[in-house]
Amino acid sequence: MSLWSHELRLFLRQPLAAPLLALLLLLASASVWAGLAEITRQHAAIDRILPQQAADEAAVAAWATREGDAGNVAYYTHYATWDRPSPLAFAALGQRDVAPFVLRIRALALEGQINESEAYNAELALPGRFDWAFVLTYLAPLFIIVLLHDLVSSEREGGRLLLLTVMARSETALWVRRVVLRVGLVILTLVLPLAVGGLLSGAGQPILGMAGLAAAYAVFWALVCVAVGRFRLASVTSAATLAAVWLIMTLVLPGLALLAINAAVPVRQGVELTLAQREAVHAGWDKPKEATLAAFFREEPAWRDTAPMRSGFHWKWYYAFQHLGDLSVAEQVRAYRAGLERRNALSGRIGLLLPPVGLQMVLHRLAETDLVAQLTYQDRIRRYHRELRHFFYPFLFREQPFGPADFARAPRWRDSADTPRPPRPGA
Amino acid sequence: MMIESDPDHPLDPVIDLSGLTLRRGPRTVLADLSLQVGPGEIYALLGGNGAGKSTTLAVLLGFLAPDSGVARVAGVDPAVAPDQARRQIAYLPESVALYDQLTAHENIAYFMALAGSEPGPDIIDAALDAAGLQSEARTRRVGGYSKGMRQKVAIAMAVLREVPVLLLDEPTSGLDPRATADFNALLGRLKARGTAILMVTHDLLGAADCADRIGFLAGGRIVEEVRPAEGIDVMALHHRYGEVAAA
């Protein structure tokens, strides 16, 4: 029987060891299950869009094309966009629990459509989802602390330290073996459910990155425990000290850092953009049509030769001031985005100092559920919206009739080339 | 092989303390202490509280380094190479604490594995026989053991170590008279095996029963040494011990 087997038996016979590991395994498994359920729900929601979209379009086409007016069609037709979760998203849901992953847009002013859906229940968003990243970042350190806080002090208090020291061929090897065993079991307990989740979601090799991060994070907390242990504190004092370190590193300092970042990089809320854009669009009704169209043609010179406007309403004027509404807030949109990216970058720097922050950022990047992924989705929506506008512009500015057959030629939102398929049935 | 120690012509000492001085703040705990124990010899170190008995053991185990003088265990200086020195030592602490969640067998197997040895169940049983632990207790977890039973498990471990030096700290304090007699007999067998045994004790009668030499420690130095084999008046010895301890 090897020394490792002896240590394992000794460890597992401790009254709290096996129940603690079982509890951690249960929490990690539950978090993976919850993550998979959420991702399956999101895939299912996306999958439900296509037939509903077809039915919606058929209904609009039935009456909106009767007069052959593309303006009517563009106004009443909603085009579906979606952002499928990555195979690793189940482990770290990140922004996906608050940011929309489905957005039906029209060829009207876009920024309001993107940003008006930003509102969410702040109280629900504050704790975040119960996912594997949460278990790893916040709960796993507590388990490591419980298992390691009295590594040496329990032997000292139990009167065995002297005998252990005298008997061990290498005292250092003894403690290293015990730390490695405990941390190894914690890592195994965390990674096993992750691996099962990865298999079910088809995550493949990238899951190894997350497993590696879990191992590195567990080792970090083990080193913190060892460092505190070097002060030769009593077990109770050691536990209290480590609990304080956990509180400060995972909650207090990240919270303060968030406040500091928000103060250092003020960012206007998305809803303000929506409001500003709406006001610009509504003001378009009162502006001279010639001035509106002249401004539009400076941006879209290809339609400059359109027939002159008659008095009264015309869709081309309407879509011109819709687009000008977007352009009027373009600078604010750039500033908003730059602010978000600046905050993200600062969070990344803080993550270098605060492992819990850094860990979450890397996990969300690996899972493609972070701000970058959210902004990428928005960029794809903007490109798609531009395609839609340019699909309708010939009908509007050249006043071509729009028939039912034209519906089929409208640009369609596509899964990006690297977009994963839904999890396997039963996941 | 039986080794008979010859007090007049000692073999090279296995435990060798030469001019050890150790201070703790203003207090001198060991003052030029010199002591040699040869192979197959039992040396009992007696002294009152604070005489320096435990400190002497701590120096031999490498937990304390002397301010001056040299300690050697089987030729190894514990202050320089504590791990190497400890590999030469079996140690029996005064209060034996084991892992309550393991049986006697499992405790011994674990501690022996730490020491780099893997005795089989039969060998462990033989050692427990020698230590006098009843067989029906061996498969029970030691959480329910009495102090004496724990002591016997530790004695079995010391027997199994098969190292040249055995350090004993009040070894019979938890044992009943019969177990004490058994223990003394066991020491005799270890002595015959060539083990150098240094025993720190308050038990003058026990020491007189099994030790080759008895040293009285006071103020960090040996103030008197007697050889029970030369025939001593135990009552006079007791009286002298009382004087030394009081001093």
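Since this is a predicted model, take the numbers as computed values, not measurements. (Residues numbered from 1 in each chain as written. Chains lettered and ligands numbered in written order. Predicted model: local features only at pLDDT ≥ 70, side-chain atom pairs only at ≥ 80, totals over all residues.)

(A) Structural context of the sheet that holds strand β1 (residues 15-24) of chain B. All names here are of chain B. Across the sheet, which stays open at both edges, the three strands sit in the order β2-β1-β4 with antiparallel pairing between neighbours. Bordering the open sheet on either side are β2 (27-37) and β4 (68-73), each of which pairs with just one other strand. Each adjacent strand pair in this sheet contributes to an overall mean axis angle of 25°, direction not counted. By the bridge criterion, seven bridges tie β1 to β2 in an arrangement that is antiparallel. Opposite Arg24, over in β2, you have Arg27 as the bridge partner. (Pairing = 2+ DSSP bridges. Helix = DSSP H or I, 4+ residues; strand = E, 2+ residues; numbered from the N terminus. Axes fitted to C-alpha atoms, helices over the stretch in contact; angles between N-to-C directions.)

(B) Up close: the UniProt feature "transmembrane region" (unreviewed entry) in chain A. All names here are of chain A. In this numbering, the UniProt entry assigns the feature "transmembrane region" (unreviewed entry) to residues 179-201, 207-228 and 240-261. As annotated, residues 207-228 has a helix share of 100% and a strand share of 0%, and its two end C-alpha atoms lie 32 Å apart. What you have in residues 240-261 is 100% helix and 0% strand, and the ends, taken at the C-alpha atoms, are 30 Å apart. (UniProt positions renumbered as here; feature names shortened; annotations may be inferred.)

(C) Broad picture of the domain arrangement of chain B. Residues and elements named next belong to chain B. Along its sequence, chain B is organised into domain 1 (15-88 + 163-246) and domain 2 (98-162). Each of domain 1 and domain 2 has a C-alpha centre, and the two are 25 Å apart. Across the contact, 10 residues belong to domain 1 and 11 residues belong to domain 2. The leading source of residues in the side of domain 1 that touches domain 2 is helix α6 (residues 177-192), at five residues. Looking at the side of domain 1 that touches domain 2, its residues break down into seven nonpolar, one polar and two charged. (Domains from an automatic or database assignment. Contact = placed C-beta atoms within 7 Å. Nonpolar A, V, L, I, M, F, W, Y, C, P; charged D, E, K, R; others polar.)

(D) Just unusual backbone geometry, in detail. Residues and elements named next belong to chain A. A positive phi angle is found at Arg232, which is not glycine, with a value near 55°. Assignment of secondary structure puts Arg232 in the loop between α10 (206-229) and α11 (235-264). Taking the C-beta count within 10 Å as the criterion, Arg232 has 10 such neighbours and is therefore assigned exposed. Despite not being glycine, Glu399 has its phi angle at roughly 55°, a positive value. Following the sequence through the fold, Glu399 ends up in the loop between α17 (371-397) and α18 (404-409). (Buried ≥ 20, exposed ≤ 12 C-beta atoms within 10 Å, placed from the backbone.)

(E) Expanded view of the nonpolar core. Ranked by internal contacts, the top residues of the largest apolar core, which has 88 residues, are Ile108, Val153, Ala156, Ile197 and Met199 of chain B. Ranked by residue count, the leading element in this core is helix α5 (residues 147-161) of chain B, at nine residues. Here this core spans two domains, since at least three of its residues come from each of domain 1 (15-88 + 163-246) and domain 2 (98-162) of chain B. Those residues within four positions of Val153 of chain B in sequence are excluded, and the remaining contacts are Val96, Leu98, Ala104, Asn107, Ile108, Leu133 and Val142 of chain B. The next biggest cluster of nonpolar side chains, apart from the first, holds 49 residues, and it includes Ile144, Val179, Leu185 and Ala222 of chain A. (Core = buried A, V, L, I, M, F, W, Y, C linked by C-beta atoms within 7 Å.)

(F) Representation of the sheet that holds strand β8 (residues 213-218) of chain B. Residues and elements named next belong to chain B. Spatially, six strands are ordered β5-β6-β7-β3-β8-β9 in an open sheet, and the strand pairing comes out mixed. What marks the edges here is a single partner per strand, and that holds for β5 (89-92) and β9 (221-226). Adjacent strand axes in the sheet meet at a mean angle of 20°, parallel and antiparallel pairs treated alike. Sheet analysis places strand β3 (residues 42-47) next to β8, joined by five bridges and oriented parallel. Directly across from Leu46, in β8, lies its bridge partner Phe216. The strands that helix α1 (residues 53-60) touches are β3, β6 (165-169), β7 (196-201) and β8; relative to β6, the one it contacts most, it runs at about 150°. Sitting on the sheet, α5 touches β5 and β6, and the angle it makes with β5 is about 170°.

(G) Just the packing of helix α6 (residues 132-148) of chain A against α10 of chain A, in detail. All names here are of chain A. Following both chains from N to C, one finds α6 and α10 inclined at 40°, their axes separated by 9 Å at the closest point. Classified by the angle their axes make, α6 and α10 are oblique. Of the two elements, α6 crosses α10, and the hand of that crossing is right-handed. Only Ala214, Tyr217, Ala218, Trp221, Ala222 and Cys225 of α10 make contact with α6, whose side of the interface consists of Leu136, Ala140, Pro141, Ile144, Ile145 and Leu148. (Parallel < 35°, antiparallel > 145°, perpendicular 65-115°, else oblique. Left-handed = near helix turned anticlockwise from the far one by under 90°.)

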